[in-house]
Amino acid sequence: MSAKKITPWVVGNWKMNPQQQKVTEWISQFDTALNNSPIDEQKCHLGIAPTALALSELKAHKFNRNVHAVAQDVSRFSGTGAFTGEMSAELLKDYQIDYVLIGHSERRELLNDNIDVLKAKLKSALSAGITVIYCVGETLQQREDGQAEQIVLQQICDIASTVGETQWAQILVAYEPIWAIGTGKTASPEDAQAMHEKIRAGLKQLTSQDIPLLYGGSVKPENAVDLATCPDINGALVGGASLQADSFYKIAAAFAEN
Ligand code: PEP
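This section reports on the structure supplied with the text. The model shown is predicted, which means the values in this text are computed figures rather than measured ones. (Residues numbered from 1 in each chain as written. Predicted model: local features only at pLDDT ≥ 70, side-chain atom pairs only at ≥ 80, totals over all residues. Heavy atoms only, no water.)

## Structural notes on the packing of aromatic side chains
Part 1: Summed over the entire model, instances satisfying the criterion amount to nine aromatic pairs.
Part 2: Between Phe 30 and Phe 63, the aromatic rings sit 6.2 Å apart at their centres with planes inclined by 75 degrees, giving edge-to-face as the arrangement. One end of the pair, Phe 30, is in helix α1 (residues 20-35); the other, Phe 63, is in the loop between α2 (55-60) and β3 (68-71), with 33 residues separating them in the sequence.
Part 3: A relative accessible area of 0% means that Phe 30 is categorised as buried.
Part 4: Here Phe 30 and Tyr 249 contribute two aromatic rings whose centre-to-centre distance is 6.4 Å and whose plane-to-plane angle is 65 degrees, an arrangement assigned as edge-to-face. (Phe/Tyr/Trp six-rings, centres within 6.5 Å; stacked < 30°, edge-to-face > 60°. Helix = DSSP H or I, 4+ residues; strand = E, 2+ residues; numbered from the N terminus. Buried < 20%, exposed > 50% of the residue type's maximum accessible area, 1.4 Å probe, protein only.)

Put into structure tokens, the structure is as follows:
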């Protein structure tokens, strides 16, 4: 299968935003956009990762197509039990949440998600049947030192022993150069494509599955078409621009139509 036959994914990461009223407004606005829209599930998968507080509201809303509710995090502990503040993969599954972000650079850098923690979260999510959007990416310093490719491929190799062959079907990879997240600086389509090509080649050594490769880092309606036309970019993980329903819709349309 050529990389472009992979149905694209456009996923919004709301991080620690927004307040309840804005969630309700966003859902209503996005609902209206989808009602007049040719973007169906065959053209583009959609997901939103709201705060844990808003997962149920998003999940309960009946859009005219799937808008998958994505958890921003999962516990490294399984099942149920005395783990205050934690949300296990089994509980997510019980609430019909089938997707989770793991490895986001903010969690790696600010919340001590080291590789052992990430592997435990990954193992738990995969065993519970949850699909994981696994984030990788280099710092500006690493890029300037010419280490970007090595760092990113290592981040993927780090999880290889945790993912069984059939479980690769439950993995999407999001390449998110850290210097492009929330900074307004996007990797050029050429640089993003070049890294995605390397990631795809690296993944081919590990699995025969075609893994969707999402780009993340200041994706906006203005740059989405150029990114969407790159052969190895199968979607986007969108932070800031996903908080506006119309911007998120335009990004989804760019990927659905290219
Ligand atoms: C993100 O946090 O995953 C992200 C890509 O953020 P932004 O689009 O705001 O750069």
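Now that the structure is up, let's keep going.
## Re the packing of helix α9 (residues 221-228) against helix α10 (residues 245-257)
In a pair of packed helices, the angle between the axes and the distance between the axes together describe the arrangement.
Part 1: α10 packs onto α9 with a crossing angle of 15 degrees between their chain directions and a minimal axis gap of 8 Å. Compared by their axis directions, α9 and α10 come out roughly parallel. Here α9 and α10 pass one another in a crossing that is right-handed. For the pair α9 and α10, the contacting residues are Pro 221, Ala 224, Val 225, Leu 227 and Ala 228 in the first and Ser 247, Lys 250, Ile 251, Ala 254 and Phe 255 in the second. (Axes fitted to C-alpha atoms, helices over the stretch in contact; angles between N-to-C directions. Parallel < 35°, antiparallel > 145°, perpendicular 65-115°, else oblique. Left-handed = near helix turned anticlockwise from the far one by under 90°. Contact = heavy atoms within 4.5 Å.)

## Side note on the pairing of strand β2 (residues 45-49)
Part 1: Extensive coverage of β2 is indicated by the burial of five of its five residues.
Part 2: Burial along β2 is two-sided: His 45, Gly 47 and Ala 49 and Leu 46 and Ile 48, pointing in opposite directions, are all buried.
Part 3: Taken together, the five bridges between strand β1 (residues 9-13) and β2 define a ladder with parallel strand orientation. Paired with Val 11 across the strands is Gly 47, a residue of β2.
Part 4: For the crossover from β1 across α1 to β2, the handedness is right-handed.
Part 5: Relative to β3, β2 is paired through two bridges, and the arrangement is parallel. What sits directly across from Gly 47, in β3, is His 68.
Part 6: Regarding the hand of the β-α-β motif, the stretch spanning β2, α2 and β3 is right-handed. (Pairing = 2+ DSSP bridges. Right-handed = clockwise from strand over helix to strand, strands pointing away.)

## Observations regarding the site of the ligand
Part 1: Taken together, 14 residues lie around the ligand, and Lys 15, Glu 176, Gly 182, Ser 218 and Gly 239 are the ones closest in.
Part 2: Between the ligand and Glu 176, the relevant distance is 2.7 Å, taken from an oxygen atom to a side-chain nitrogen or oxygen of the residue.
Part 3: Between the ligand and Ser 218, the relevant distance is 2.7 Å, taken from an oxygen atom to a main-chain nitrogen or oxygen of the residue.
Part 4: Contact with the protein chains removes 96% of the 290 Å² of surface that the ligand exposes when unbound.
Part 5: Each residue belonging to the shell around the ligand can be placed in one class, and the counts come to four nonpolar, eight polar and two charged. (Near = heavy atom within 4 Å. Polar contact = N/O pair within 3.5 Å; in protein donor to acceptor, adjacent residues only side chain to side chain. Areas by Shrake-Rupley, 256 points an atom, 1.4 Å probe, with all protein chains shown as cover. Nonpolar A, V, L, I, M, F, W, Y, C, P; charged D, E, K, R; others polar.)

## Description of helix α5 (residues 115-127)
An α-helical segment advances 3.6 residues per turn. Residues three or four places apart therefore align on the same side.
Part 1: For α5, which comprises 13 residues, the first-to-last C-alpha distance of 18 Å matches the rise-based estimate of 18 Å (1.5 Å per residue) to within 8%.
Part 2: Within α5 the residues assigned to the buried category are Val 117, Leu 118, Lys 121, Leu 122, Ser 124, Ala 125 and Leu 126.
Part 3: In this structure, the buried residues of α5 make contact with α3 (89-94), β4 (99-102), α4 (105-110), β5 (131-136), α7 (148-160) and β6 (171-175).
Part 4: Within two residues after α5, Gly 129 carries a phi angle of roughly 85 degrees, on the positive side. (Expected span 1.5 Å × (residues − 1).)

## Looking at the sheet that holds β1
Part 1: Strand order in the closed barrel made by the eight strands is β1-β2-β3-β4-β5-β6-β7-β8, with parallel pairing throughout. Pairwise comparison of adjacent strand axes, ignoring direction, gives a mean angle of 25 degrees for this sheet.
Part 2: Sheet topology note: the β1/strand β8 (residues 235-238) ladder contains four bridges and is parallel. Pairing of Gly 12 across the sheet is with Val 238, part of β8.
Part 3: Relative to β1, α10 is tilted by about 160 degrees, and along the sheet it contacts β1, β2 and β8.

## Here's the deal with the state of the cysteines
Part 1: What the rule picks out here adds up to zero disulfides.
Part 2: Left without a disulfide partner, Cys 157 is nearest to the cysteine sulfur of Cys 135, which lies 17 Å away.
Part 3: In this structure Cys 157 comes out as partly exposed when scored by relative accessible area, which is 44%.
Part 4: Of all cysteine sulfurs in the structure, the one in Cys 44 sits closest to Cys 230, which takes part in no disulfide; the separation is 15 Å. (Disulfide = S-S within 2.5 Å.)

## Regarding unusual backbone geometry
Part 1: The linkage connecting Asn 17 with the following residue, Pro 18, adopts the cis geometry, with an omega of -25 degrees.
Part 2: Assignment of secondary structure puts Pro 18 in the loop between β1 and α1.
Part 3: At Lys 15, a residue that is not glycine, the phi angle is positive and equals roughly 50 degrees.
Part 4: Within the chain, Gln 96 stands out as a residue other than glycine whose phi angle is a positive 60 degrees.
Part 5: Following the sequence through the fold, Gln 96 ends up in the loop between α3 and β4.

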